[in-house]
Amino acid sequence: MVDDNSPDTKPWVHIQDPNDPKSTFTALYEDARGHILKKTNWLCDSEIHAGQLLLKAKFPFMDGLHDPAITGTLVAPAISEFVQIINTGNHWVCLSTISCRPGTIKVHDSLFQRVSPIAIRHSCRLLMHTGGSILFTNEKVQKQINSSDCGLFALAFATDLCHGIDPVTQSYDQEKMHAHYVNCLDSLEMVPFPKT
């Protein structure tokens, strides 16, 4: 909460809107840097959204990558293969239809939990499928070793998927994820996360 007498917060990450090349906006302020670097912090919506915007700028034909704060009936259906990070309550997961048969959605979950009802509803709104059923596959991706890095793992999965890398075959260096993401934001380019 900032009142009228407080100094303006310092902008950090300015991102060009992929849908409007003439506009830019401040996606994150300087205090987000420290928040991302702190090992026990969870990423918030705006920090996830900044990474997805950078992916959308680099991969403009990849569907999804929408603001994770958009939920429910506001979710726009995807017209092609998509990658999307969503929050299932207290946890970030990455959904994808890359290389999937029609009516199939891959869930990349660093806690390898049962597919949540939130993920199912969100996926059904994203997926344009005329069939009678949808198949969810819970991909066997690397498990996080703490309770706070799910957002970084979801970003790592989304980044690899956009770059044509299967997250199931990857072993991420969890210790380097925070600093790597800050470097991506500084350079305005999402590159694959460090591997062990």
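For clarity, every value in this text was computed on a predicted model and none was experimentally measured. Position labels on residues start from 1 in each chain and follow its written sequence. Restriction of local features to residues with pLDDT of at least 70 applies here, the model being predicted, together with a cutoff of 80 or more for giving and counting side-chain atom pairs; totals for whole chains, interfaces and linings are based on all residues. To get the side-chain values, take all heavy atoms of the structure and skip hydrogens and water.

## Some thoughts on the side chain of Gln52
Put simply, the rule is: To qualify as a helix, a DSSP run of H or I must reach at least 4 residues; to qualify as a strand, a run of E must reach at least 2; elements of each kind are numbered from the N terminus. Buried, partly exposed and exposed residues are distinguished by accessible area as a fraction of the type maximum, computed with a 1.4 Å probe on protein chains only: under 20%, between the cut-offs, and over 50%, respectively. Contacts described as polar in this section are N or O atom pairs within 3.5 Å, which, within protein, must combine one atom able to donate a hydrogen with one able to accept it, while residues neighboring in sequence count only if both atoms come from side chains. In this description, contact between two residues means that some pair of their heavy atoms is separated by no more than 4.5 Å.
As for its placement among the helices and strands, Gln52 is situated in helix H2 (residues 45–58). Under the relative-accessibility criterion, Gln52 is labelled buried at 0%. Reaching out from Gln52, the side chain makes a polar contact with the backbone nitrogen of Ile85 at a distance of 2.9 Å. Among residues more than four places away in sequence, those in contact with Gln52 are Leu65, His66, Pro68, Gln84, Ile85 and Leu155.

## Quick look at the nonpolar core
This is how the line gets drawn: Buried residues of nine kinds, namely Ala, Val, Leu, Ile, Met, Phe, Trp, Tyr and Cys, make up a nonpolar core once their side-chain atoms join them within 4.5 Å.
Counting residues in hydrophobic clusters, the biggest one holds 40 residues, and the most contacted among them are Val83, Tyr181, Leu185 and Phe193. Of all elements in the fold, only strand E1 (11–17), strand E2 (20–29), helix H1 (31–37), H2, strand E4 (82–87), strand E5 (92–96), helix H4 (150–162) and helix H5 (177–187) reach the threshold of two or more residues within this core. For this core, the element with the most residues is H4, which contributes 10 residues. Val83 has contacts with Met62, Asp63, Gly64, Leu65, Cys94, Leu95, Ser96, Ile98, Ala158, Leu161 and Cys162, leaving out every residue within four places of it along the chain. Within the second largest apolar cluster, 11 residues are counted, among which are Ala78, Leu95, Ala119 and Leu126.

## A short note on unusual backbone geometry
Peptide bonds are mostly trans, and most non-glycine residues show a negative phi. For Leu65, which is not glycine, the phi dihedral falls at a positive 55 degrees. Counting through the fold element by element, Leu65 comes out in the loop between strand E3 (63–64) and E4. One non-glycine residue, Leu188, adopts positive backbone phi at about 60 degrees. For Leu188, the location among the structural elements is in the segment after H5. Taking the relative accessible area as the measure of exposure, Leu188 reaches 41% and is therefore partly exposed.

## Observations regarding H4
What sets the pattern is the α-helix's 3.6 residues per turn: residues three or four places apart point alike. Inclusion rule: Any helix carries an expected span of 1.5 Å times its number of residues minus one.
Here H4 contains 13 residues, and its C-alpha end-to-end distance of 18 Å stays within 8% of the 18 Å for a straight helix at 1.5 Å per residue. With 13 of 13 residues buried, H4 lies mostly within the body of the structure. Phi turns positive, to about 80 degrees, at Gly164, one or two residues after H4.

## Remarks on the pairing of E5
Quick reminder of the rule: Here, strands pair whenever DSSP counts at least two bridges between them.
Burial of E5 is extensive: five of the five residues sit out of reach of the surface. Side chains of E5 alternate between two faces, with Trp92, Cys94 and Ser96 and Val93 and Leu95 buried alike. One ladder, built from five bridges, connects E4 with E5; its direction is antiparallel. Bridge pairing in E5 places Asn87 opposite Trp92. The turn joining E4 and E5, which pair antiparallel and follow one another in sequence, is formed by four residues; a positive phi near 135 degrees is taken by Gly89. Here E5 runs beside strand E6 (residues 104–108); their pairing, made up of three bridges, is antiparallel. Looking across to E6, one finds that Ser96 is bridged to Lys106.

## A few points about helix H3 (residues 117–126)
Quick note on the threshold: Within this analysis, the arc is defined by the directions that extend from the helix axis to the C-beta atoms.
Inspection of H3 places Ala119, His122, Ser123 and Leu126 among the buried residues, and these make up the whole buried set. Along H3, the residues classed as buried sweep out an arc of 100 degrees about the axis, all on the same side. As for H3, its buried residues are in contact with E4, E5, E6 and strand E7 (135–139).

## As for the packing of aromatic side chains
We apply this condition: Note on aromatic contacts: the rings of Phe and Tyr and the six-membered ring of Trp form a pair at centre separations within 6.5 Å, being stacked when their planes are under 30 degrees apart, edge-to-face when over 60 apart, and tilted otherwise.
For the coordinates displayed, the defined rule picks out four aromatic pairs. Ring centres 6.1 Å apart and planes at 85 degrees place the aromatic pair Phe153 and Tyr172 in the edge-to-face group. With Phe153 in helix H4 and Tyr172 in the loop between H4 and H5, this pair connects stretches of sequence that are 19 residues apart. As far as burial versus exposure is concerned, Phe153 and Tyr172 are alike and both buried.

## What to know about the pairing of E4
Buried residues dominate E4, accounting for five of its six residues. Summarising the sheet, E3 and E4 pair through two bridges and their orientation is parallel. Following the sheet pairing, Gly64 is matched in E4 by Val83.

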